[in-house]
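# Structural description and commentary
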Amino acid sequence: MFGCLCRENYSCQNLRKAAEGIRIQKERSDSTDKRRKFEAGWTQEVHEHGGGGGVVFIDEAYQLDPMSDSQGKAIVNQLLLHLEDDRDKISFIMAGYDKEMAERFLCFNPGLGSRTCPIQFEDYTDVELTEIWKDLLLKEDWILTEGSISTVAIRRLARGKGRHGFGNARAVRSLFEKATERAFHRDDFDPDMRILTMEDVLGARPDPEHPRLQEVLRKLDGMIGWNAVKSEVWKMINLAQSNYDREVRGDPPMEFSKNRLFLGNPGTGTVRVIDT
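Trp133, Trp142 and Val201 are the most contacted members of the largest nonpolar core, which totals 23 residues. For this core, the elements supplying multiple residues, two or more each, are helix H6 (126-139), helix H7 (148-158), helix H8 (169-184) and helix H9 (198-202). If one sorts the elements of this core by residue count, H8 sits on top with six residues. In contact with Trp133, other than residues within four places in its own chain, are Ser150, Ala153, Ile154, Val172, Leu175, Phe176 and Val201. Val56, Met94, Met101 and Leu112 belong to the second-largest nonpolar core, a separate cluster that totals 17 residues.

See below:
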């Protein structure tokens, strides 16, 4: 995700002072009427709210999609004029995901890139993700049953770093919320002493004795034939158990494909197995 700051003399201090500027969020799901109103009122709003100097912030600017959307094209053309004509008064900041901004916004007109200075927001480091995680624990008064839980939690999250769409701080919060939800549903949960276990964070260890899995295995075992299917299911269970234990120990999980190709003559159950 990156923000774009005007090349003109707008220091960080100037931007903070101008924080009372306007913020415009453009949602793709807006109705046509709303979008037309947005376009018509664009120039008026910019001058009413930023005429004396300030900041115009456009979140998810790529959703204007000027390459394929006529309304978005008109808005961005007006934006280009303001970037030039109001460069001494207003700081324009456009934010969005790298790939989408490059493919659906900046490539529309070279002037967008030449009139702005990109600032790259890097993925958080493991240390920073850990700080965010521990800050959530502290704010919500949660206690860990073992110190290694934080390390395991962040190691799991960090595997997504560098991939398109990695959630960073949002991913930490999502993991935290899922873990606390599991904790709330534990039979031994004490609301007066909020405790998180390893199982709360990672989920239950794959166990053939688990009621839901046991029911599936019972039905599968009762089917005539399907020896290859039964063998493959047990291989996946054993691998899932091994990967769970490896993750707890701090070892990288073994990669395996979750995709399967069912082959066989008519009537052998290649479709029926899905319902089992």
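Additional details are given in the paragraphs that follow.
Averaged over all residues, the pLDDT of the protein equals 80, while 81% of them reach at least 70. Highest mean pLDDT in the protein belongs to H6 (95); lowest belongs to helix H1 (residues 12-17) (34). Scored below 50 in pLDDT, residues 1-29 makes 83 contacts in the model with residues more than four places away or belonging to other chains.

Once that is clear, we can look at the packing of H6 against H8. It is at 10 Å that the axes of H6 and H8 come closest, and there the two elements cross at 40°. As summarised for this structure, H6 and H8 are arranged oblique, according to the angle between their axes. Relative to H8, H6 is oriented so that their crossing is right-handed. Residues Leu129, Ile132, Trp133, Leu136 and Leu137 of H6 pack against Ala169, Val172, Arg173, Leu175 and Phe176 of H8.

The rules behind each value
Residues numbered from 1 in each chain as written. Predicted model: local features only at pLDDT ≥ 70, side-chain atom pairs only at ≥ 80, totals over all residues. Heavy atoms only, no water. Core = buried A, V, L, I, M, F, W, Y, C linked by side-chain atoms within 4.5 Å. Buried < 20%, exposed > 50% of the residue type's maximum accessible area, 1.4 Å probe, protein only. Helix = DSSP H or I, 4+ residues; strand = E, 2+ residues; numbered from the N terminus. Contact = heavy atoms within 4.5 Å. pLDDT = per-residue confidence, 0-100. Axes fitted to C-alpha atoms, helices over the stretch in contact; angles between N-to-C directions. Parallel < 35°, antiparallel > 145°, perpendicular 65-115°, else oblique. Left-handed = near helix turned anticlockwise from the far one by under 90°.

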